[in-house]
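# Structural overview
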Amino acid sequence: MKTLKLLSILLIATLASCSSVRVNADYDKKAVFTNYKSYAYLKNGIDKAEISDLDKKRILYSIDEVMSAKGFVKSENPDVLISIFTKERERVDIYNNMGFGWGWNPYWGMGYSNVTTSQEGSLFIDIIDAKTKELVWQGEGTGSLTKNTDKKDARIKEFVSKILEQYPPK
């Protein structure tokens, strides 16, 4: 019975950790963020992102949605330029069960290990001062990825909104 409870708790913790996006942001302390009201995309930065064009569109649509909600406007003569960068890696998790006893599963006696793999990705959003062409803010979000096209929109929106929660810095 204890083993069943332990496995249930472990499964819930694993699922909760898979759904979250870990974020981090850094910025130029000398930049005056109150001067930035409009934005545009840095085309060559977007083109270099090594993801599908459909996923790029999902990211850009999500950025547009969040920036608009924050009061920024898209412009031909922007105050800042936005670029993205992505990374992907395979994540390996190893769960060890050390203990003795009988249980409801095929594992009894000494402990056992369970190994799982999943795809994890990072999305970087760079905000560049359009006049000086210098990076003034960078946000990063890291979390599990999905290949399920029905869930991609929501997952990408979650990445973008959590990253841009920290922009502009306070």
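Whatever comes next refers back to the structure up there.
Residues numbered from 1 in each chain as written. Predicted model: local features only at pLDDT ≥ 70, side-chain atom pairs only at ≥ 80, totals over all residues. Heavy atoms only, no water.

## With respect to the overall build of the protein chain
Using the following cut-off: Under the DSSP-based scheme used, a helix requires at least four consecutive residues in state H or I and a strand at least two consecutive residues in state E, with every element numbered from the N terminus. Buried, partly exposed and exposed residues are distinguished by accessible area as a fraction of the type maximum, computed with a 1.4 Å probe on protein chains only: under 20%, between the cut-offs, and over 50%, respectively. Here, two residues are considered to be in contact whenever any of their heavy atoms come within 4.5 Å of each other. With residues, only the protein chains shown are counted as cover, and all accessible areas are computed by Shrake-Rupley using a 1.4 Å probe.
Within the protein chain, the regular secondary structure consists of 4 helices and 6 strands. In the protein chain, the order of α-helices and β-strands from amino to carboxyl end is α-β-β-α-α-β-β-β-β-α. Counting over 170 residues, the protein chain shows a buried share of 36%. Of the contacts formed within the protein chain by residues at least 6 apart in sequence, a portion of 72% connects residues at least 24 apart. Accessible surface, the protein chain: about 11400 Å² in total, of which carbon and sulfur atoms supply 57%.

## What to know about the pairing of strand β6 (residues 135–144)
Along a regular strand, successive side chains alternate from one face of the sheet to the other. For the record, the criterion: Any two strands with at least two DSSP-identified bridges between them are counted as paired.
Taking burial as the measure, the 10 residues of β6 include 7 buried ones, the bulk of the element. Bridge count between strand β1 (residues 22–27) and β6: 6 bridges; the pairing is antiparallel. Bridge pairing in β6 places Tyr27 opposite Trp137.

## Structural notes on helix α4 (residues 149–164)
Put simply, the rule is: Under the convention used throughout, the expected extent of a helix is 1.5 Å for every residue step, that is, one less than its residue count. What the arc measures is the spread of directions leading from the helix axis to the C-beta atoms. In protein, a polar contact means a hydrogen-donor-capable atom and an acceptor-capable atom, both N or O and within 3.5 Å, with residues adjacent in sequence counting only if both atoms are side-chain atoms; elsewhere, any N or O pair within 3.5 Å suffices.
Here α4 spans 23 Å end to end across 16 residues, near enough to the 22 Å set by a 1.5 Å rise per residue. Taken together, the buried positions of α4 are occupied by Lys152, Arg155, Ile156, Phe159, Val160, Ile163 and Leu164. Taken around the axis of α4, the buried residues stretch over an arc of 150°, which confines them to a single face. Structural note: α4 exposes Asp150, Lys151 and Ala154 on the side pointing more than 90 degrees away from its buried face. You can read the cap of α4 off the contacts: a side-chain oxygen lies 2.9 Å from the backbone nitrogen of Asp150, and it is on Asn148.

## Description of the pattern of salt bridges
The criterion, for reference: We count a salt bridge whenever a side-chain nitrogen from Lys or Arg sits within 4 Å of a carboxyl oxygen from Asp or Glu.
Tallying each qualifying case throughout the model produces 9 salt bridges. Measuring nitrogen to oxygen at the nearest pair gives 3.4 Å for the salt bridge that ties Asp55 to Lys152. Placement of the pair is Asp55 in helix α3 (residues 53–69) and Lys152 in helix α4, with a sequence separation of 97 residues. Across this residue pair, the class does not change: Asp55 and Lys152 are buried. With a closest N to O distance of 2.7 Å, Glu158 and Arg155 form a salt bridge. Residue Glu158 and its partner Arg155 are located together in helix α4, separated by 3 residues, close to a single helical turn. Note on Arg155: relative accessible area 11%, which makes it buried. Connected via shared salt-bridge partners are Asp55, Arg58, Lys152 and Asp153.

## A word on unusual backbone geometry
In this structure, Pro168 follows Tyr167 across a cis peptide bond, with omega equal to -10°. Among the secondary structure elements, Pro168 is positioned in the segment after α4. Positive phi, normally seen in glycine, also occurs at Lys133, with a value near 60°. Looking at where Lys133 falls in the secondary structure, it is placed in the loop between β5 (112–129) and β6.

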